[in-house]
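Reading the structure
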Amino acid sequence: MKKNRLQKQLKVYSSTENLAKVRKFVKESAFECGFGEDEVEQITLAVDEACTNIIKHAYRYSPEGVIDIKIIFIDDKFTVTITDEGNGFDPNLIPIPDIQEFYKQKKVGGLGIYLMKKLMDEVIYSVEDNRKNRVTLVKYLKNS
Amino acid sequence: MADFNVGLRDAGSVSIVELKGYLDAHTAPELENVFNKLIQENKYKVVVNFDQLNYISSAGLGVFMAYVETMRENNGDIKFANLKENVYNIFDLLGFPLLYEFYQDENEAINKFNELSKS
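Residues numbered from 1 in each chain as written. Chains lettered and ligands numbered in written order. Predicted model: local features only at pLDDT ≥ 70, side-chain atom pairs only at ≥ 80, totals over all residues. Heavy atoms only, no water.

In this section: the overall build of chain A. Of regular secondary structure, chain A possesses 4 helices and 5 strands. Helices (α) and strands (β) of chain A occur, in sequence order from the N terminus, as β-α-α-β-β-α-α-β-β. Against the globule reference of 15 Å for 144 residues, chain A gives a C-alpha radius of gyration of 15 Å, in line with a compact fold. Taken along the three principal axes of its C-alpha coordinates, chain A extends 50 × 35 × 30 Å. With 144 residues in all, chain A has 45% of them scored as buried. Within chain A, contacts between residues at least 6 apart in sequence are counted, and of these 64% link residues at least 24 apart. (Helix = DSSP H or I, 4+ residues; strand = E, 2+ residues; numbered from the N terminus. Rg over C-alpha atoms; globule rule 2.2 N^0.38 Å. Buried < 20%, exposed > 50% of the residue type's maximum accessible area, 1.4 Å probe, protein only. Contact = heavy atoms within 4.5 Å.)

What follows is the structure, given as structure tokens:
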């Protein structure tokens, strides 16, 4: 049964162990809103990438940080906001990854942000209350 | 929670890495351990069989990027086989087909290594 509106929240600690839990939460929510399998996978992967970046960079693998994930679905717009209180960064400073360059330099990074942008309709970085980092991921439900 | 498994077997001089389940930032270190073991044993010809892999994130992709050059410097390679469409699509989004060989079937990838060592 497709829902017209949905609002859900999940808070997890910043451990990679929790990625599976996050994916399950997002996957179920996206299915409930009527997204097809491919889109559900795209949204799920984008949220995984966002949380992985938070665990790795914002909290530097310290498992005590909190990741706050909110999902709002309204008027065919599926919005996931992911907020952390770790170290901030300027997403504009992350270069667009070039696989050939990575190969030459044996350097890996920036893949997650690039994937998020490819997989979602909108990716917005913001700072809340002067100290919280937020990434907002949006996917529109088409042909509903 | 994370459901992931790496298997390792030999097909002549080629090592087959079998992936199962979900490859993400939590499970990627298990795959790194396998690649470290292969390098320690001087095994550089690797075919990764994705037949039972349901999911991959960039943390998993990063493992292949980190190890491929070592394999190639030692006359080996990492070749990919039996990918599900959804998993292949992620590799494709990031341009992997430019630098890595993908095969429908594990045997095709093994044969490719064997052809090269004959010539």
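The discussion continues.
Residues and elements named next belong to chain B. Structurally, Asp92 can be placed in helix 3 (residues 85-93). By relative accessible area, which is 41% here, Asp92 ends up partly exposed. Spatially, the C-alpha atom of Asp92 lies 24 Å from that of Gly7, the residues being 85 residues apart in sequence.

As a further point, take the sheet that holds strand 4 (residues 77-81) of chain B. By definition, the strands of a sheet pair up through backbone hydrogen bonds, in either a parallel or an antiparallel sense. Residue and element names in this part refer to chain B. The 5 strands are arranged 1-2-3-4-5 in an open sheet whose pairing can be described as mixed. Because the sheet does not close on itself, it has two edges, and the strands there are strand 1 (4-11) and strand 5 (102-103). In this sheet, strand 5 lies alongside strand 4 in parallel orientation, the contact comprising 2 bridges. When the bridges of strand 5 are listed, Ala81 appears paired with Tyr103. Against the sheet, helix 3 makes contact with strand 3 (45-56), strand 4 and strand 5, and its axis sits at roughly 115 degrees relative to strand 3, the strand it touches most. (Pairing = 2+ DSSP bridges. Axes fitted to C-alpha atoms, helices over the stretch in contact; angles between N-to-C directions.)

Time to look at the nonpolar core. A:Ile82, B:Leu19, B:Phe35, B:Phe50 and B:Phe64 are the most contacted members of the largest nonpolar core, which totals 73 residues. Ranked by residue count, the leading element in this core is helix 2 (residues 37-58) of chain A, at 10 residues. When near neighbours in sequence (up to four residues on either side) are disregarded, B:Leu19 contacts B:Phe4, B:Asn5, B:Val6, B:Leu31, B:Val48, B:Asn49, B:Phe50, B:Gln52, B:Leu53 and B:Phe64. The next biggest cluster of nonpolar side chains, apart from the first, holds 8 residues, and it includes B:Ile16, B:Tyr103, B:Ile110 and B:Phe113. (Core = buried A, V, L, I, M, F, W, Y, C linked by side-chain atoms within 4.5 Å.)

This part covers the interface of chain B and chain A. Many descriptions give the size of an interface as the accessible area lost when the pieces come together. Contact residues are listed per partner, giving 27 residues for chain B and 25 residues for chain A. Contact between chain B and chain A buries roughly 2400 Å² in total, counting both sides, with carbon and sulfur atoms accounting for 68%. For chain B, the biggest contributors to the area lost against chain A are B:Met65, B:Leu93 and B:Leu94; these three give 24% of the whole. Counting across the chain B and chain A interface gives 1 salt bridge. For the salt bridge of B:Asp24 with A:Arg23, the shortest nitrogen-to-oxygen distance reads 2.7 Å. Across the contact surface, chain B and chain A share 6 residue pairs in polar contact (both at pLDDT 80 or more). Those elements that place two or more of their residues in the side of chain B that touches chain A are strand 3, helix 2 (58-73) and helix 3 of chain B. No other element matches the 10 residues that helix 2 of chain B contributes to the side of chain B that touches chain A. (Buried area = accessible area lost by both parts, 1.4 Å probe. Salt bridge = Lys/Arg side-chain N within 4 Å of Asp/Glu carboxyl O. Polar contact = N/O pair within 3.5 Å; in protein donor to acceptor, adjacent residues only side chain to side chain.)

Attention now goes to the sheet that holds strand 2 (residues 66-74) of chain A. Residue and element names in this part refer to chain A. Strand order in the open sheet formed by 5 strands is 1-2-3-5-4, and the pairing between neighbours is antiparallel. Of all strands in the sheet, those with a lone pairing partner are strand 1 (6-13) and strand 4 (122-128), marking the two edges. Neighbour-to-neighbour, the strand axes of the sheet open up by a mean angle of 15 degrees, direction not taken into account. As paired elements, strand 1 and strand 2 share 8 bridges and run antiparallel to each other. By the bridge assignment for strand 2, Lys8 is matched with Ile71. Each of strand 1, strand 2 and strand 3 (77-84) touches helix 1 (residues 19-32); the most contacted strand, strand 1, lies at about 175 degrees to it. Sheet contacts for helix 2: strand 2, strand 3 and strand 5 (132-140); angle to strand 3, the most-contacted strand, approximately 10 degrees.

Looking now at a negative patch on the surface. On the surface, A:Glu37, A:Asp38, A:Glu41 and B:Glu85 cluster together to form a negatively charged patch. The element that contributes the greatest number of residues to the negative patch is helix 2 of chain A, accounting for 3 residues. Summarising the element assignment, A:Glu37 is placed in helix 2. Take A:Glu37: its relative accessible area is 56%, and that puts it in the exposed class. (Patch = residues over 30% accessible without salt bridge, like charges linked within 9 Å, V, L, I, M, F, W, Y side chains within 5 Å. Areas by Shrake-Rupley, 256 points an atom, 1.4 Å probe, with all protein chains shown as cover. Lys, Arg positive; Asp, Glu negative; His and termini not counted. Charge placed at Lys NZ, Arg CZ, Asp CG, Glu CD.)

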